[in-house]
Amino acid sequence: GNLFGGSGLVQGIGTGNAASLRPTVMAAEAVCVGVRVRPFNERENSLGATVCIDMDGPTTSIRKVEEPDSVPTNFTFDASFWSHDGFENDDGNFRPLTGSDYADQAHVFETFGERLLDSAWAGHHCCLLAHGENGAGKSYSMVGYGKNKGIIPRVC
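Quantities reported herein were computed from a predicted structural model and do not represent experimental measurements.

*Asks:* Tell me what's going on with helix α2 (residues 105-121), and back it up with residues and numbers.
*Replies:* Within α2, the axis deviates most sharply at T111, by approximately 35 degrees. The positive-phi residue at the C-terminal boundary of α2 is G123, with phi of around 95 degrees.

So, in C-alpha cells, the structure goes:
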C-alpha cells in the first residue's frame with residue numbers, strides 16, 4: 001500500500017540546494033521531493049476514514065490510527081503540502097481559508113514549478129514527475145482541472 005495513506009507524492013528533479021525551496025542555482029543537479037495530502041474521496045468519507053497525517057513545514061508525521069497515543073513517524077521533505085482541508089470552493093477555484101495551511105495549486109507551482117523553470121532557463125536538464133497510487137492526486141497536482149491549473153499548464 002501507499003505509505004502516505006492515499007496522498008500524492010510530487011517529486012521534482014532540478015538544480016540547486018535541496019535545503020531551501022527556491023535557492024540560487026549552485027550545483028549541476030539535485031533532487032527535490034515534496035509530498036501532498038489530498039482531501040478524502042467519497043469512498044474514504046463513506047468508510048469514516050481518519051486522518052493519520054500531520055504536517056509542520058517540510059516535516060510529515062504519520063501515526064497509527066489504531067494507536068492514537070503512539071509516537072508518530074516523521075519524514076522530512078523539501079516541502080510538505082497540506083491539501084486535505086482548510087479550503088473553500090470559490091466558483092470552481094479551491095482557495096485557502098483565512099488562517100488555514102491549505103496548499104493550493106498556486107502554492108505548489110511557486111514551490112516546485114518556478115524552481116523547475118529557473119533551472120531550465122539556467123540551461124540545466126530538468127524533470128518533474130509525480131508518483132503514487134491510483135487516485136492519489138498526481139494528475140491534479142501536475143495538470144489540475146477547471147480553474148485549478150496544475151504545474152504543467154502554468155509552465156507552458
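*Asks:* Break down the nonpolar core for me, with residues and values.
*Replies:* Grouped together as the largest cluster of nonpolar side chains are eleven residues: C32, A79, F81, A103, V108, F109, F112, L116, L128, M142 and I151. Those elements giving two or more residues to this core turn out to be β6 (79-82) and α2. Of the residues forming this core, the biggest block, four residues, is contributed by α2. With eight residues, the next largest nonpolar core counts V33, V37, I62 and W82 among its residues.

*Asks:* A description of the pattern of salt bridges should follow, citing residues and the corresponding values.
*Replies:* By the definition in use, this model includes three salt bridges. Note that K147 is salt-bridged to D91, the shortest N-O span being 2.9 Å. Note that K147 is positioned in the loop between β10 (144-145) and β11 (148-149) and D91 in the loop between β7 (87-90) and β8 (93-96), a separation of 56 residues in sequence. You can call K147 partly exposed: its relative accessible area is 49%.

*Asks:* So what's going on with the state of the cysteines? Which residues, and what values?
*Replies:* What makes a disulfide is a covalent bond joining the sulfur atoms belonging to two cysteines. Applying the stated rule across the entire model yields zero disulfides. Free cysteine C126: the closest other cysteine sulfur is in C127, separated by 8.8 Å. With a relative accessible area of 30%, C126 lands in the partly exposed category. Classification of C127 by relative accessible area gives partly exposed; the value is 36%.

*Asks:* Describe in detail the environment of P58, supporting the description with residues and values.
*Replies:* For P58, the location among the structural elements is in the loop between β3 (53-56) and β4 (59-62). A relative accessible area of 34% means that P58 is categorised as partly exposed. In the structure, P58 is positioned 17 residues away from F75 in sequence and 8.3 Å away in space, judged by C-alpha atoms. Excluding residues within four positions of it along the chain, P58 makes contact with F75, T76, F77, D78, A79 and S80.

*Asks:* Go over the sheet that holds β4, please, and point to the residues and values.
*Replies:* A sheet is described by the order of its strands in space; here three strands give the open sequence β3-β4-β5, paired in antiparallel fashion. Bordering the open sheet on either side are β3 and β5 (73-76), each of which pairs with just one other strand. For this sheet the average axis-to-axis angle between neighbouring strands, irrespective of direction, equals 20 degrees. Relative to β4, β3 runs antiparallel, the two sharing four bridges. Its bridge partner lying in β4, I53 is registered against I62.

*Asks:* How would you summarise the packing of aromatic side chains if you had to cite specific residues and measurements?
*Replies:* Applying the stated criterion across every chain yields a total of five aromatic pairs. Here F87 and Y102 contribute two aromatic rings whose centre-to-centre distance is 4.8 Å and whose plane-to-plane angle is 35 degrees, an arrangement assigned as tilted. You can see F87 sitting in strand β7 and its partner Y102 sitting in the loop between β8 and α2, a full 15 residues away along the chain. Taking 6.3 Å as the distance between ring centres and 80 degrees as the angle between the ring planes, the aromatic pair formed by F94 and Y145 counts as edge-to-face. With F94 in strand β8 and Y145 in strand β10, this residue pair connects regions lying 51 residues apart in the sequence. Connected via pairs of aromatic rings, a cluster forms that spans F87, F94, Y102, Y140 and Y145.

Rules used in this analysis
Residues numbered from 1 in each chain as written. Predicted model: local features only at pLDDT ≥ 70, side-chain atom pairs only at ≥ 80, totals over all residues. Heavy atoms only, no water. Bend = angle between axes of the 7 residues up to and from the residue. Helix = DSSP H or I, 4+ residues; strand = E, 2+ residues; numbered from the N terminus. Core = buried A, V, L, I, M, F, W, Y, C linked by side-chain atoms within 4.5 Å. Buried < 20%, exposed > 50% of the residue type's maximum accessible area, 1.4 Å probe, protein only. Salt bridge = Lys/Arg side-chain N within 4 Å of Asp/Glu carboxyl O. Disulfide = S-S within 2.5 Å. Contact = heavy atoms within 4.5 Å. Pairing = 2+ DSSP bridges. Axes fitted to C-alpha atoms, helices over the stretch in contact; angles between N-to-C directions. Phe/Tyr/Trp six-rings, centres within 6.5 Å; stacked < 30°, edge-to-face > 60°.

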